[in-house]
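Summary of structural features
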Amino acid sequence: MDIKGKVHEVAPTQQVTESLKKRELIVEYIENPQYPEYLKFEAIQDRCNLLDNVRAGDDVEVFFNLKGRPWTDKTGKKSYFNSMQLWKINVLSGGASSATPEHAAPVDINSTPDDDDLPF
């Protein structure tokens, strides 16, 4: 499955157990502009690194698997949990301004010294 939206938050990586780490991504999904949805995706294990270059404000396309599982508490009451596990993310456009310009500033060729030693 996949959706497109705007990154609302990228959480730091959490070491849940000795062998499990996860990282959460919150995406603002606007199907109806009057009622935006905030969807939480989980990146687990080596997929946590996929979020290293993702920033709040970025427009993204998130590819994920929808997971569901039952859980029975001590009293015998059964509950169901859903999670969306991220497996790929494409940054479509950056929302935050970057420190690197998109192009180099123009150079004034008249300001170069006449005594350069270039062979041409």
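The paragraphs below set out a description of the structure included in this document.

Basis of the calculations
Residues numbered from 1 in each chain as written. Predicted model: local features only at pLDDT ≥ 70, side-chain atom pairs only at ≥ 80, totals over all residues. Heavy atoms only, no water. Core = buried A, V, L, I, M, F, W, Y, C linked by side-chain atoms within 4.5 Å. Buried < 20%, exposed > 50% of the residue type's maximum accessible area, 1.4 Å probe, protein only. Helix = DSSP H or I, 4+ residues; strand = E, 2+ residues; numbered from the N terminus. Contact = heavy atoms within 4.5 Å. Pairing = 2+ DSSP bridges. Phe/Tyr/Trp six-rings, centres within 6.5 Å; stacked < 30°, edge-to-face > 60°.

1. Comments concerning the nonpolar core
A general tendency of soluble globular proteins is for nonpolar side chains to be buried together. Counting residues in hydrophobic clusters, the biggest one holds 14 residues, and the most contacted among them are Leu25, Phe41, Val62, Leu86 and Ile89. Secondary structure elements with two or more residues in this core: strand S1 (2-10), strand S3 (20-29), strand S4 (37-44), strand S5 (59-72) and strand S6 (78-93). Discounting chain neighbours no more than four positions away, the residues touching Leu25 are Val7, Glu9, Val10, Leu39, Lys40, Phe41, Leu51, Val54, Val62, Leu86 and Ile89.

2. Looking at the pairing of S6
Of the strand pairs in this sheet, S5 and S6 are connected by 14 bridges, and their pairing is antiparallel. Pairing of Asn65 across the sheet is with Gln85, part of S6.

3. Some points on the packing of aromatic side chains
Under the counting rule described, the total for this entry stands at 3 aromatic pairs. Relative to Phe81, the ring of Trp71 lies with its centre 6.3 Å away and its plane at 65°, an arrangement referred to as edge-to-face. Pair noted here: Trp71 is in strand S5 and Phe81 is in strand S6, with a separation of 10 residues, a long-range link. Look at Phe81 and you get partly exposed, because its relative accessible area is 41%.

4. Focus: the pairing of strand S2 (residues 14-17)
Sheet topology places S2 next to S3; 3 bridges connect them, and they run antiparallel. The residue bridging Thr17 from the neighbouring strand is Leu20, located in S3. What sits between S2 and S3 in their antiparallel hairpin is a turn of 2 residues.

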